[in-house]
Amino acid sequence: FVYHKHGGSFGSTREQLIKANLVKLKLKHPNYQYDINQYIQLNPLDNLRKILLFKLFLIHQSTQLIIDHGLGGGASKYLLENLLAPNLANIIISAYGQDQQILIQLYWQQKLLTSFKVDSLNYFTKHLLIKHRFGVIQLNHSLSIKSLTELEELLINHGQIINYYMHDFFAICPSYTLLNYQGNYCGAETDLNKCNHCHKHHSLIKKQLYTIEQWRNSYRRILNLMQTIYCFSEDSRQHLLKIYPETDSKIIVKAHQIKTPLIRCTHSPNFTNRTQLVIGVLGAIDYAKGRVIIEQLVKYKLFKQGVFKLVIIGYTDLALANCYMTGPYNPQQLSSLIKQLAIDIFILPSIWPETFCYTAEEIMTMCYPLIAFKIGAPSERIINYPHGYLCTNINALALYKQIQQVAYTYGWIDDLHTARNCKDSYLS
């Protein structure tokens, strides 16, 4: 290593020499400054430097590999909060974009140091890892990894201790929410003929190269490689055991811990000077999260009359009418935002058996009344929550009736003069 002390060679004459010689340099090479600026901008050796840094990470004795889908949401939130070990060098890989490039992120002391891309998972294992074996591989999610065969080879050849985190049901079916081609929860179907028929018609997986038999056989081998399988609810564990009963001894059920600072609700709704019951929905709402349920819900009478008002703290994947939407929000400011919006009660319209659901836990932590469908991990917790209510039927009408029942039970609906005698009026 040769240390370079900047400016040490020329002392006080440095600035004068630079100025004079730059004039001579430009006379001899007129494009000098442009070429230098272009080179800096293009930075052609950037990937090489990052790959060398990656190689230094591999030399580090305590390095773990984390496989993720890289799409954000609860799984990525869990990764950043729980899997980035402070005493390890962490390497995160995920597929990137339509061309399925592999994004490689290097974390040191839980902070992102740098990132770069390579063309494929095969290139990553054959040319970058070569024969390296990680002490720990965390399989947080594999949704964006196209080849299960390449994933299996990576785990076999480059991992010692391997753990799996069940954020959804991707190990059971490519339709990771277990919603079938008709958009309904299938219950983790075991009839393979029904599954293959569903796959042929499913808009999300119609280009899938695997039959359900091949899919589950691949994941059976992958799960057999695991030291520990982490489920975040008993409901998720039962779903997994229905398809892979041999995994029972490896499963640990451990709920997420909410790390967002939240303020416990202390207000008591008072409708003396109000004419609305404000109903909140929390999070990013797509089809599986109940967007269609909300769309139908706001067409019922008390919503159209303005007696019930729906507020989405977050956003939906398609535009919705007759409800107020905040857009993305800062989780640190959630409690104050709810208070500002004067929300009285929350609904969880999700139509798939969520494996945990951060938003449900946040609502219950703040002690707001919460209504959800009797499905998945949220219902498992809500059933023991003193301010929780469950709908057996998964549809908008059942949810509308339940909202009215809760409002009536709390004595709110009698305080709303426009709602009197309307509690049995369900049709729009």
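These notes cover the structure that comes with them. (Residues numbered from 1 in each chain as written. Predicted model: local features only at pLDDT ≥ 70, side-chain atom pairs only at ≥ 80, totals over all residues. Heavy atoms only, no water.)

### Remarks on the overall build of the protein
Logical step 1: A tally of regular secondary structure across the protein gives 15 helices and 14 strands.
Logical step 2: Expressed as lengths along the three principal axes of its C-alpha atoms, the size of the protein is roughly 90 × 55 × 40 Å.
Logical step 3: Counting across all 428 residues of the protein, residues that qualify as buried make up 48%.
Logical step 4: As presented, the protein carries roughly 22600 Å² of accessible surface, and 52% of it is formed by carbon and sulfur atoms. (Helix = DSSP H or I, 4+ residues; strand = E, 2+ residues; numbered from the N terminus. Buried < 20%, exposed > 50% of the residue type's maximum accessible area, 1.4 Å probe, protein only. Areas by Shrake-Rupley, 256 points an atom, 1.4 Å probe, with all protein chains shown as cover.)

### A look at the side chain of Asn90
Logical step 1: The topology assignment puts Asn90 in strand 2 (residues 89-96).
Logical step 2: You can call Asn90 buried: its relative accessible area is 0%.
Logical step 3: Among the polar contacts listed, one links the side chain of Asn90 to the side chain of Gln64, at a separation of 2.6 Å.
Logical step 4: Here Ala85 takes part through its backbone oxygen, which lies 3.1 Å from a polar atom of the side chain of Asn90.
Logical step 5: Setting aside anything within four residues of it in sequence, one finds Asn90 in contact with Phe57, Gln64, Ile66, Leu83, Leu84, Ala85, Gln105, Leu106 and Tyr107. (Polar contact = N/O pair within 3.5 Å; in protein donor to acceptor, adjacent residues only side chain to side chain. Contact = heavy atoms within 4.5 Å.)

### Some points on the sheet that holds strand 11 (residues 324-325)
Logical step 1: Here six strands make up an open sheet; going across it, the order is 11-10-9-12-13-14 and the pairing parallel. On the outer flanks of this sheet lie strand 11 and strand 14 (388-391), each paired with one strand and no other.
Logical step 2: Where strand 9 (residues 277-285) meets strand 10 (residues 308-316), nine bridges bridge the pair, whose relative direction is parallel. Residue pairing for strand 10: Ile279 is matched across the bridge by Leu310.
Logical step 3: Against the sheet, helix 13 (residues 358-365) engages strand 9, strand 12 (345-348) and strand 13 (370-373), with an angle of about 145° to strand 9. (Pairing = 2+ DSSP bridges. Axes fitted to C-alpha atoms, helices over the stretch in contact; angles between N-to-C directions.)

### Some words on the packing of aromatic side chains
Logical step 1: Under the criterion given, the structure shown has 16 aromatic pairs.
Logical step 2: Ring geometry for Trp215 versus Tyr219: centroids 5.5 Å apart, planes at 40°, classification tilted. With a gap of four residues between them, Trp215 and Tyr219 both fall in helix 8 (residues 212-224), about one helical turn apart.
Logical step 3: With relative accessibility at 0%, the residue Tyr219 sits in the buried group.
Logical step 4: Each ring, one from Phe303 and one from Phe308, has its centre 5.4 Å from the other, and the planes form 75°; the classification is edge-to-face. In this structure, Phe303 and Phe308 share a single accessibility class: buried. (Phe/Tyr/Trp six-rings, centres within 6.5 Å; stacked < 30°, edge-to-face > 60°.)

### Considering the sheet that holds strand 4 (residues 111-118)
Logical step 1: Taken in spatial order, the eight strands line up as 4-3-2-1-5-6-7-8 in an open sheet, and their pairing is mixed. Single-partner strands in this sheet number two, and they are strand 4 and strand 8 (251-253). Between one strand and the next, the sheet's axes are offset by a mean angle of 20°, whatever the strand orientation.
Logical step 2: In this fold helix 4 (residues 73-83) packs onto strand 1 (63-67), strand 2, strand 3 (101-108), strand 5 (134-139) and strand 6 (159-166), with an angle of close to 165° to the strand it touches most, strand 1.

### Some remarks on a nonpolar patch on the surface
Logical step 1: Together, Leu22, Tyr32, Ile36 and Ile40 line one region of the surface with nonpolar side chains, adding up to about 320 Å² of accessible area.
Logical step 2: Sort the elements by how many residues they give to the nonpolar patch and helix 2 (residues 32-42) lands first, with three residues.
Logical step 3: For Tyr32, the position within the fold is in helix 2. (Patch = residues over 30% accessible without salt bridge, like charges linked within 9 Å, V, L, I, M, F, W, Y side chains within 5 Å. Salt bridge = Lys/Arg side-chain N within 4 Å of Asp/Glu carboxyl O.)

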